[in-house]
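# Close look at the chain arrangement
Read off the chains here:
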Amino acid sequence: MKIINYTVYKGNPYTTALYSSLVGKYDPIKGDIDSAIAELKAKKLAVLHVHWEEHLIRHCLCPSEARQLIVFSISRLEYFKKLGGIVVWTVHNAMPHEMEFPDLFLG
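Presented here is a report on the structure given in the accompanying data block. (Residues numbered from 1 in each chain as written. Predicted model: local features only at pLDDT ≥ 70, side-chain atom pairs only at ≥ 80, totals over all residues. Heavy atoms only, no water.)

The next subject is helix 3 (residues 63-82). A rise of 1.5 Å per residue sets the reference length of helix 3, with its 20 residues, at 28 Å; its end C-alpha atoms lie 28 Å apart and thus fit the reference within 8%. Among the residues making up helix 3, those that are buried are Ala66, Ile70, Ser73, Leu77 and Phe80. For helix 3, the angular spread of the buried residues around the axis is 90°, confining them to a single face. Every exposed residue of helix 3 that faces more than 90 degrees away from the buried side is listed here: Gln68, Val71, Glu78 and Lys82. The elements touched by buried residues of helix 3 are helix 2 (33-43), strand 3 (47-50), strand 4 (86-89) and helix 4 (102-106). (Helix = DSSP H or I, 4+ residues; strand = E, 2+ residues; numbered from the N terminus. Expected span 1.5 Å × (residues − 1). Buried < 20%, exposed > 50% of the residue type's maximum accessible area, 1.4 Å probe, protein only. Arc of directions from axis to C-beta. Contact = heavy atoms within 4.5 Å.)

Here is the structure:
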């Protein structure tokens, strides 16, 4: 089964270690919420692994853009779950490594 991973870095030692025990059973591929929804609709089963979630709003230019993207993304996650999708969320740190809008990220 594919695990849609938002955000995976090929060659990252942490990613390799994280998925090492899943080899042969699960196939982690880079994607996002929409690709997880598409996989779910096509296969009737999908797992979305949210990983380094700060990348969601990393390229936003202002707080209002970031806020809108957060609201939209949460609604897409809720839709994915309503369809029967499974969400796995890795939380690494209390604060993200890179972030323009930490107050929105924590909110």
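Turning to the side chain of Asn5, a few remarks are in order. You can see Asn5 is positioned in strand 1 (residues 2-6). Classification of Asn5 as buried rests on a relative accessible area of 0%. Reaching out from Asn5, the side chain makes a polar contact with the side chain of His49 at a distance of 3.2 Å. Leave out the neighbours within four places in its chain, and Asn5 touches Tyr19, Ile29, Lys30, Gly31, His49 and His51. (Polar contact = N/O pair within 3.5 Å; in protein donor to acceptor, adjacent residues only side chain to side chain.)

Space inside the largest pocket adds up to approximately 500 Å³. Forming the walls of the largest pocket are 21 residues, and the residues nearest its centre are Leu56, Ile70, Ser73, Ile74 and Trp89. Elements with a minimum of two residues in the lining of the largest pocket: helix 2, strand 3, helix 3 and helix 4. Element by element, the count of residues in the lining of the largest pocket is highest for helix 3, at seven residues. When the residues that make up the lining of the largest pocket are grouped by side-chain class, the tally is 14 nonpolar, two polar and five charged. (1 Å grid on protein atoms, 1.4 Å probe; cavity = no way out; pocket = protein on both sides within 12 Å on 5 of 7 lines; lining within 4 Å. Points joined across faces, edges and corners; volume = space filled by probe spheres on them. Nonpolar A, V, L, I, M, F, W, Y, C, P; charged D, E, K, R; others polar.)

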